[in-house]
Amino acid sequence: MTWQLIGAGSGLAGVDVRAGEGPQVVKAASGVLKNAAWAEMIVPESTHQSVEHAVAAFNQRLAKHVSDRLQAKEKICVLGGDHSIAIGTWSGAYDALHQQGEMGLIWVDAHMDSHTPQTSETGRIHGMPLATLLGHGYSSLTTLLHQAPKFKPENVCLIGVRSYERGEADFLKNLKVKVYFMDEVRERGLKAVWDDAVKHVNHHTMGYGISLDLDAIDPTDAPGVDVPEPNGIQVDALRPMLARSFADPRLILAEIVEFDPSRDREHITERLVVSLLQLL
Ligand SMILES: [Mn+2]
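A brief structural summary. Predicted model only: the values in this text are computed from it and were never measured. (Residues numbered from 1 in each chain as written. Predicted model: local features only at pLDDT ≥ 70, side-chain atom pairs only at ≥ 80, totals over all residues. Heavy atoms only, no water.)

## Examining the environment of Val 185
No. 1: Position of Val 185 among the secondary structure elements: in helix H7 (residues 182–188).
No. 2: Val 185 gets classed as buried once you look at its relative accessible area, which sits at 5%.
No. 3: With 48 residues separating them along the chain, Val 185 and Ile 233 place their C-alpha atoms 7.9 Å apart.
No. 4: Setting aside its immediate chain neighbours within four residues, Val 185 contacts Ile 159, Gly 160, Tyr 180, Leu 190 and Val 193. (Helix = DSSP H or I, 4+ residues; strand = E, 2+ residues; numbered from the N terminus. Buried < 20%, exposed > 50% of the residue type's maximum accessible area, 1.4 Å probe, protein only. Contact = heavy atoms within 4.5 Å.)

## Considerations on the pairing of strand E6 (residues 178–181)
No. 1: Strand direction decides the pairing type here: strand E5 (residues 156–161) and E6, joined by 4 bridges, are parallel. Bridged to Ile 159 within E6 is Tyr 180. (Pairing = 2+ DSSP bridges.)

## Describing the coordination of the manganese ion
No. 1: Of the protein atoms, only His 83 (ND1), Asp 109 (OD), Asp 113 (OD) and Asp 213 (OD) coordinate the manganese ion, at distances of 2.1 to 2.3 Å.
No. 2: Read in sequence order, the donor residues coordinating the manganese ion give the pattern H-x25-D-x3-D-x99-D. Here Asp 113 lies in the loop between strand E4 (103–108) and helix H4 (129–133) and His 83 lies in the loop between strand E3 (75–80) and helix H3 (86–97), a separation of 30 residues in the sequence.
No. 3: Given a relative accessible area of 0%, His 83 falls into the buried group. (Donors = N, O, S within 2.8 Å, 3.2 Å for Na, K, Ca; no water.)

## Topic: the packing of helix H2 (residues 51–71) against H3
No. 1: Contact pair H2 / H3: the axes reach a minimum separation of 7 Å and the direction vectors enclose 40°. Between H2 and H3, the angle falls in the class oblique. Helix-helix and strand crossings are classified by hand; for H2 and H3 the assignment is right-handed. On H3, the residues touching Asn 59, Leu 62, Ala 63, Val 66, Ser 67, Leu 70 and Gln 71 of H2 are Ile 87, Gly 88, Thr 89, Ser 91, Gly 92, Ala 93, Asp 95, Ala 96 and Leu 97.
No. 2: A class-by-class count of the residues in the contact of H2 with H3 yields 8 nonpolar, 7 polar and 1 charged. (Axes fitted to C-alpha atoms, helices over the stretch in contact; angles between N-to-C directions. Parallel < 35°, antiparallel > 145°, perpendicular 65-115°, else oblique. Left-handed = near helix turned anticlockwise from the far one by under 90°. Nonpolar A, V, L, I, M, F, W, Y, C, P; charged D, E, K, R; others polar.)

## Notes on the nonpolar core
No. 1: Ile 106, Ile 159, Trp 194, Leu 214 and Leu 277 are the most contacted members of the largest nonpolar core, which totals 45 residues.
No. 2: Broken down by element, this core gets its largest block of residues, 6 residues, from helix H8 (residues 190–202).
No. 3: Leaving out residues up to four positions away in the same chain, Leu 277 has contacts with Leu 5, Val 26, Leu 33, Trp 38, Cys 77, Leu 79 and Ile 256.
No. 4: Grouped together as the second largest cluster of nonpolar side chains are 36 residues, Leu 105, Val 177, Val 179 and Val 257 included. (Core = buried A, V, L, I, M, F, W, Y, C linked by side-chain atoms within 4.5 Å.)

## Digging into the sheet that holds strand E7 (residues 207–213)
No. 1: Taken in spatial order, the 8 strands line up as E2-E1-E3-E8-E7-E4-E5-E6 in an open sheet, and their pairing is parallel. At either end of the open sheet lies a strand with only one pairing partner, and these are strand E2 (36–42) and E6. Going from strand to strand, the sheet's axes swing by 15° on average, the running direction of each strand aside.
No. 2: Note that E7 and strand E8 (residues 251–257) share 5 bridges and pair parallel. For Leu 212, the partnering residue across the bridge sits in E8 and is Ile 256.

## Concerning H2
No. 1: Compared with the 30 Å implied by 1.5 Å per residue over 21 residues, the 30 Å span of H2 between its first and last C-alpha is a close match.
No. 2: Looking at H2, one finds that the buried residues are Ala 54, Val 55, Ala 56, Phe 58, Asn 59, Leu 62, Ala 63, Val 66, Ser 67, Arg 69 and Leu 70.
No. 3: Buried-residue contacts for H2 involve strand E1 (3–8), E2, E3, H3, helix H5 (139–142) and E8.
No. 4: Two residues or fewer past H2, Lys 73 is found with a positive phi of approximately 65°. (Expected span 1.5 Å × (residues − 1).)

Okay, here's the thing in C-alpha cells:
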C-alpha cells in the first residue's frame, strides 16, 4: 500500500521559524518515491495570536487530517516542521485509534522534549511535545481533540538522548518513562537498543509509532537542524532499523521532524530525508 505523506510546515514553536519550510523543500527534492505519495501540505494560517494559540490551531488541523486518514486505514508519514507538530500527529492518531487500545511510541531524539511551561527556560513549545502528549503542559495542547493524555508513560521510550535539563529529566524519571541514552546506544549498538525499544512499546499496546527528530542523528550526517548535538546516531545504523519498523504491521505511523533547510550544508540533510522516505 502507498504511504501518504503529510507535510506539517510549522516552525512556530522552534528556534528558527524556517524549520517550517522543511517539508516543502523535501517535497520539491523527493521526485518520484517508490512507495509514497504527497497528500496534504499544512502550513500555519495566521500569526496574529499568541504562539501557544497558533500552535494549538495548527495542530488541531493536522490532528484532523491524521485522524481521517488513519480511520480510512491509510498508511501515513508526517514530515515536520519543528517537533511541536508531534502534538497534532499523535493527538490525531489517538482520536482514530483509542478505541482499539493504548498506543506505544518510540521517540528518537537528542533531547527529551519533556519540559512543561514551568520547567522550560526558553518557553519554546518544541521542547515540550512529549510532556504534552503525556498530559502535562498548556491545557490548549494537552486536551487537543480529547481531554485524556494521548500516551501512558509505560508505553513510551526515548532513544539517543544526550542533552537535557534537570526539570525534564526529573519529569520523565517520576513517570518512569524508559530512556535509552546515547551512551547506551554507543555501548550496546543501535540494533540491540532498538530491539528492546520495540518490545517495550509493544507490551501493552495495539501498535506503536515512531517520532524521529533528525537531531538524534549525528550532525555530520544531518547538519540541517536547529539544535545539533555532537556524538549522535549513525545514519548507517539507523536506516535498517527504520526499514524494519516501516515494514512492521504493528507500526501506526511514522513522523520525521526538525529539518531546517536554512541550516543545511550542501543539501546533506535534504538528501538524507528523501533517502529515508525511500525506505517506506
Ligand atoms: Mn525533538
